[in-house]
Amino acid sequence: MPVIAIYNPVCGDGNAKPFLDQHVLPLLSQHGKIIDTLVATEHAGHAGHLLVDFLESREGDISVVLASGDGTLHEIINTLSSTTLKGPRATSPIPRLHFALVPCGTANALYSSLFPPPAESDSVDYRLQSIRSFVESSRTLPLTLAIATLSSPPSVTKRPQVAISSVVVSTALHATILRDSESLRKDIPGTERFKVAARNNSAKWYNSYVKLLPAPLAGRVQVYDPAHQAFVDHPESDEADPIVDLHGPFAYFLSTVNVDRLEPAFRVTPLARTIPPVEATCELVLLRPLRDPSLSRDDPDARKAFVPKLWEVLSGAYKDGAHIDLRYGAGGEIVTGGNGPALIEYFRCGGWEWIPDDADEDAHILCSDGAIFYIEKGGRAVCSAATPKDNAGFAVYA
């Protein structure tokens with residue numbers, strides 16, 4: 001099977017090439033794995049074009065050694081999903097691509113979800129686990145994709161914009177964090193910049209209307225019940241009308257595929273691993289402040305008062321996903337037991353629609369694996385989960 005190695009020299013702390021030279025290439029050579037092509041990305045989107053060129057010059061399945069972060073894989077998936085190959089493959093679909101991941105990015109969400117990190121997650125042995133799977137067992141895991149379609153208002157004749165993710169699609173706070181964190185990258189190259197951006201946006205709420213769509217096999221939208229620590233059918237999702245309608249404002253709105261965390265210690269959708277889905281689904285966590293019994297309306301004082309509770313939720317994600325079991329007490333205090341409303345609403349669904357309020361500019365921001373998109377006024381974003389079948393799509397050595 002032909003092998004191409006692609007590395008991003010500027011992602012993370014810029015150590016992709018030295019790590020390849022010192023650890024990855026010797027290990028591959030030791031096991032008789034020959035790299036046909038070794039290339040570096042030179043600009044945004046370059047990785048996808050490098051892979052297209054390689055595919056057009058080779059036949060059969062290929063493996064990709066990818067030393068990068070999640071963003072480079074995102075670029076590859078989106079480029080290949082919108083490209084018609086030339087040459088011998090011109091009449092054939094893109095074959096399944098097998099990725100051996102070398103985590104060199106800032107957060108490495110997909111890698112750290114496939115290989116939950118030990119205390120020393122920067123160790124050489126830890127970072128070589130996908131490579132070892134490639135050379136020893138060749139066990140691959142197909143990736144579920146989250147396909148987000150951003151549509152213009154019905155009055156506008158324009159093709160929708162499509163963003164395909166293998167990790168996260170979000171709006172609200174997470175999307176604004178990713179948008180604003182880019183300006184901090186130079187001075188704060190690590191994950192700390194995300195926390196700075198979060199503090200700067202912590203008092204914002206986002207006005208939108210949401211529809212949750214069931215996954216095909218389940219037939220219902222499912223919601224996590226902390227009392228039973230299990231997913232149950234949402235009470236408003238039935239056979240006659242399985243769609244669930246939600247009204248804002250929202251403080252947090254984030255869905256994942258393939259992962260239970262966005263950073264090694266930030267397990268934002270922990271049930272993706274502890275209660276694995278049996279079909280392609282979005283793991284959706286959201287926070288609606290007006291479920292708080294102590295708040296009755298959206299005003300500056302209420303938004304300011306809710307900030308400590310938002311931080312409690314986010315800090316719970318850093319405590320092995322403890323945020324999903326937090327509840328409100330009768331007076332709005334946060335408790336870990338009782339039968340009050342759950343702080344976080346955790347849904348498992350086939351997809352969702354986000355229809356932002358035209359007057360709320362920040363509600364129009366959408367994040368797809370770190371890439372930022374803007375939903376036009378009068379438009380909407382629709383996200384659905386799918387796993388390519390047979391020999392198509394993308395898989396990782398796990």
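Let me begin by describing the structure that accompanies this report. (Residues numbered from 1 in each chain as written. Predicted model: local features only at pLDDT ≥ 70, side-chain atom pairs only at ≥ 80, totals over all residues. Heavy atoms only, no water.)

Side note on helix H3 (residues 70–81)
Argument step 1. Between its terminal C-alpha atoms H3 stretches 17 Å, which fits the 16 Å expected from twelve residues at 1.5 Å a residue.
Argument step 2. Taken across its twelve residues, H3 has nine buried, putting it largely inside the fold.
Argument step 3. Every buried residue of H3 is accounted for by Asp70, Thr72, Leu73, His74, Ile76, Ile77, Asn78, Thr79 and Leu80. (Helix = DSSP H or I, 4+ residues; strand = E, 2+ residues; numbered from the N terminus. Expected span 1.5 Å × (residues − 1). Buried < 20%, exposed > 50% of the residue type's maximum accessible area, 1.4 Å probe, protein only.)

Structural notes on the nonpolar core
Argument step 1. Within the largest apolar cluster, 101 residues are counted, with the highest numbers of intra-cluster contacts made by Leu51, Phe99 and Trp352.
Argument step 2. Looking at which domains feed residues into this core, each of domain 1 (3–138) and domain 2 (145–386) gives three or more.
Argument step 3. Core analysis: the next-biggest nonpolar cluster, separate from the first, contains 20 residues, Tyr7, Ala16, Val102 and Val135 among them. (Core = buried A, V, L, I, M, F, W, Y, C linked by side-chain atoms within 4.5 Å. Domains from an automatic or database assignment.)

A closer look at the pairing of strand E21 (residues 380–386)
Argument step 1. Residue alternation in E21 divides its side chains into a buried set, Ala381, Cys383 and Ala385, and an unburied set, Arg380, Val382, Ser384 and Ala386.
Argument step 2. Where strand E6 (residues 145–151) meets E21, seven bridges bridge the pair, whose relative direction is antiparallel. Within the sheet, the bridge partner assigned to Ile147 lies in E21 and is Ser384.
Argument step 3. Pairing between strand E18 (residues 351–356) and E21: four bridges, direction antiparallel. If you follow Trp352 over to E21, its bridge partner there is Cys383. (Pairing = 2+ DSSP bridges.)

Things to note about the pairing of strand E17 (residues 345–349)
Argument step 1. In terms of burial, E17 is a largely internal element, five of the five residues being buried.
Argument step 2. Here E17 shows two buried faces, one formed by Glu345, Phe347 and Cys349 and the other by Tyr346 and Arg348.
Argument step 3. Pairing analysis gives two bridges linking strand E10 (residues 222–225) to E17, with the strands arranged antiparallel. When the bridges of E17 are listed, Val223 appears paired with Phe347.
Argument step 4. Bridge count for strand E14 (residues 282–287) against E17 is five bridges, and the pairing is antiparallel. Within E17, the residue paired with Val285 across the bridge is Tyr346.

Observations regarding unusual backbone geometry
Argument step 1. Omega for the peptide link from Gly248 to Pro249 comes to 5°, which places this bond in the cis form.
Argument step 2. Inspection of the secondary structure puts Pro249 in the loop between strand E12 (244–247) and strand E13 (252–256).
Argument step 3. Phi at Asn108 is positive, roughly 55°, even though this residue is not glycine.
Argument step 4. Locating Asn108 in the fold gives a position in the loop between strand E4 (97–103) and helix H4 (109–114).

Don't take any of this as a statement about function, it's just geometry.
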